[in-house]
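# A closer look at the structure
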Amino acid sequence: MTLKVALLGCGVVGSQVVRLMQEQADDLAARIGTPLELAGVAVRRLGRRRDTDVDPALLTTDAEALVTRDDVDIVVEVIGGIEPARSLILAAMNSGKSVVTANKALLAEDGATVHGAARSNNADLYFEAAVAGAIPLIRPLRESMAGDRVHRVLGIVNGTTNYILDKMDSSGASFSDALEEAQALGYAEADPTADVEGFDAAAKAAILAGIAFHSRVTAADVHREGITEITATDVASAKAMGYVIKLLAICARSEDGRSFGVRVHPAMIPRTHPLAGVREAYNAVFVEAESAGQLMFYGAGAGGAPTASAVLGDIVAVARNLLAGARGPAESTYADLVVHPMGETVTRYHVSLDVADKPGVLARVADMFAKQDVSIQTVLQEGHGDDAQLVLVTHRATDAALSATLEGLRELDIVRDVVSVMRVEGEGAS
Ligand SMILES: NC(=O)c1ccc[n+]([C@@H]2O[C@H](COP(=O)([O-])OP(=O)(O)OC[C@H]3O[C@@H](n4cnc5c(N)ncnc54)[C@H](OP(=O)(O)O)[C@@H]3O)[C@@H](O)[C@H]2O)c1
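Residues numbered from 1 in each chain as written. Predicted model: local features only at pLDDT ≥ 70, side-chain atom pairs only at ≥ 80, totals over all residues. Heavy atoms only, no water.

### What about the UniProt feature "active site" (unreviewed entry) in the chain?
Taken from the UniProt record, the annotation "active site" (unreviewed entry) applies to Lys204. For lysine 204, the position within the fold is in helix 10 (residues 199-212). When its relative accessible area of 4% is taken as the criterion, lysine 204 is described as buried. The contact partners of lysine 204, leaving out residues within four places of it in the chain, are Lys104, Ala130, Val131, Ala132, Val157 and Asn158. A distance of 2.7 Å separates the side chain of lysine 204 from the backbone oxygen of valine 157, its partner in a polar contact. (UniProt positions renumbered as here; feature names shortened; annotations may be inferred. Helix = DSSP H or I, 4+ residues; strand = E, 2+ residues; numbered from the N terminus. Buried < 20%, exposed > 50% of the residue type's maximum accessible area, 1.4 Å probe, protein only. Contact = heavy atoms within 4.5 Å. Polar contact = N/O pair within 3.5 Å; in protein donor to acceptor, adjacent residues only side chain to side chain.)

This is the structure in structure tokens:
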């Protein structure tokens, strides 16, 4: 008996799945207990040059016919995007196939439909590659940590933005120069919007939060800010204070445990935090759980072979389940916690103000923070005369209180400009 795999997509990831299935066929057969066979590969353009040797007889543009073929056991979707990926996955499940996908966009936008189809058809749905490429993260969260209570997930889940911010930090480059370099090296797309505006990270944050808190989360629940406004001055100022700026995906349970927040935004973290050492295009996810304590998962978050490694791991798991007549874990949303609004998020803030050089300025600024119950941890004055800037770091406060403080500060005649506002994460229990 062989298990037959239908592959949808043969691009960056799909071509590496084909290569690994071919090169490691014997090992995979030994690990599963039966050989895998590629039943067909659906693509958009038959004549396109592929990065790997694919038997032309396997290629087809009729993906629908391929996924519903009687002899296919497992469908691997690496096309990406919402349609036709969703319809093809549903067609596969409705005809009894289990599915492996790397599609974060679909799972974050309409995970309910896809997970629902898996449940009603008693099919497996595995998606390790959808978050942080090669890094084992979904299975540890869904399975290894199923006996624990996750409090917080803090991750660098987008390699492009990490590369850009790392370049800005190490060389003092501007955002646009660092982006250009990332594009030249193939770390950023010609249209970098999905990465630099945080959409890609937000999709991953939604998937991670849903798993961590056993609740349904979509990309629309995620508060999202990108990195396009980060200046070389912000980076230098963070550096001078012992921080580094990272684009973080943060999923955090509220203190009463009844809700959680999901957000993606740039933040300062201390240079001593384990995530601060994540350089270039690498990804890492830091998990804080009740009993396990702090865990960190680190590795290549993208790329053909690394992502295909995660896809292959899922194929093996699904194949083993099929042979055992078992199913892997289904979606778990029993906790049904609510996602709280961004205003209720509690964190610390770094605020730079361009202020008039007059006596009493500090007292009036401090008074505005006090009015909103935002207490100040440190104040620094940078520059003199007309160039004077006040740099304040607050204690923990809600986003709503900080916003109200900023509104009040902007109305003060002595505040010429609120130059920058950045959240500070990764310190103590923040
Ligand atoms: N690239 C990464 O590093 C990475 C990392 C993690 C997750 N992922 C996820 O993996 C998935 C695939 O990404 P990728 O980078 O491999 O994409 P890609 O290089 O653009 O490949 C997409 C493949 O899908 C095929 N395709 C497109 N529309 C199709 C259709 N209507 N019917 C059949 N085939 C169709 C394309 O065919 P042609 O070749 O004929 O155009 C191509 O082979 C996405 O969900 C992505 O988010 C990617």
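We are not done yet, so read on.
### A look at the site of the ligand
Near the ligand, the surroundings consist of 22 residues, among which Cys10, Arg45, Arg48, Arg50 and Gly303 are the closest. Contact between the ligand and valine 12: an oxygen atom at 2.9 Å from a main-chain N or O atom of the residue. Here an oxygen atom of the ligand sits 2.9 Å away from a polar atom, N or O, in the main chain of valine 13. Protein contact buries 80% of the 900 Å² of open area that the ligand shows by itself. When the residues that make up the shell around the ligand are grouped by side-chain class, the tally is 11 nonpolar, six polar and five charged. (Near = heavy atom within 4 Å. Areas by Shrake-Rupley, 256 points an atom, 1.4 Å probe, with all protein chains shown as cover. Nonpolar A, V, L, I, M, F, W, Y, C, P; charged D, E, K, R; others polar.)

### Concerning the pairing of strand 12 (residues 293-300)
The side chains of a regular strand alternate between both faces of the sheet. Of the strand pairs in this sheet, strand 11 (residues 282-289) and strand 12 are connected by eight bridges, and their pairing is antiparallel. The partner of asparagine 283 across the bridge, within strand 12, is glycine 299. Between strand 11 and strand 12, which pair antiparallel in sequence order, lie three residues. (Pairing = 2+ DSSP bridges.)

### Topic: the domain arrangement of the chain
The assigned domain composition of the chain is domain 1 (3-133 + 304-324), domain 2 (139-300) and domain 3 (342-424). A C-alpha centroid distance of 25 Å is found between domain 2 and domain 3. On the side of domain 3, 12 residues touch domain 2, which itself brings 14 residues to the contact. For the pair domain 2 and domain 3, the two sides together bury roughly 1,200 Å², of which 61% comes from carbon and sulfur. Interface area lost by domain 2 to domain 3 is led by Met241, Arg263 and Met268, which between them contribute 43%. On the surface where domain 2 and domain 3 come into contact, there are two salt bridges. For glutamate 225, the salt bridge goes to arginine 423, with nearest N and O atoms at 3.1 Å. Counting across the interface, domain 2 meets domain 3 through three residue pairs in polar contact (both at pLDDT 80 or more). (Domains from an automatic or database assignment. Buried area = accessible area lost by both parts, 1.4 Å probe. Salt bridge = Lys/Arg side-chain N within 4 Å of Asp/Glu carboxyl O.)

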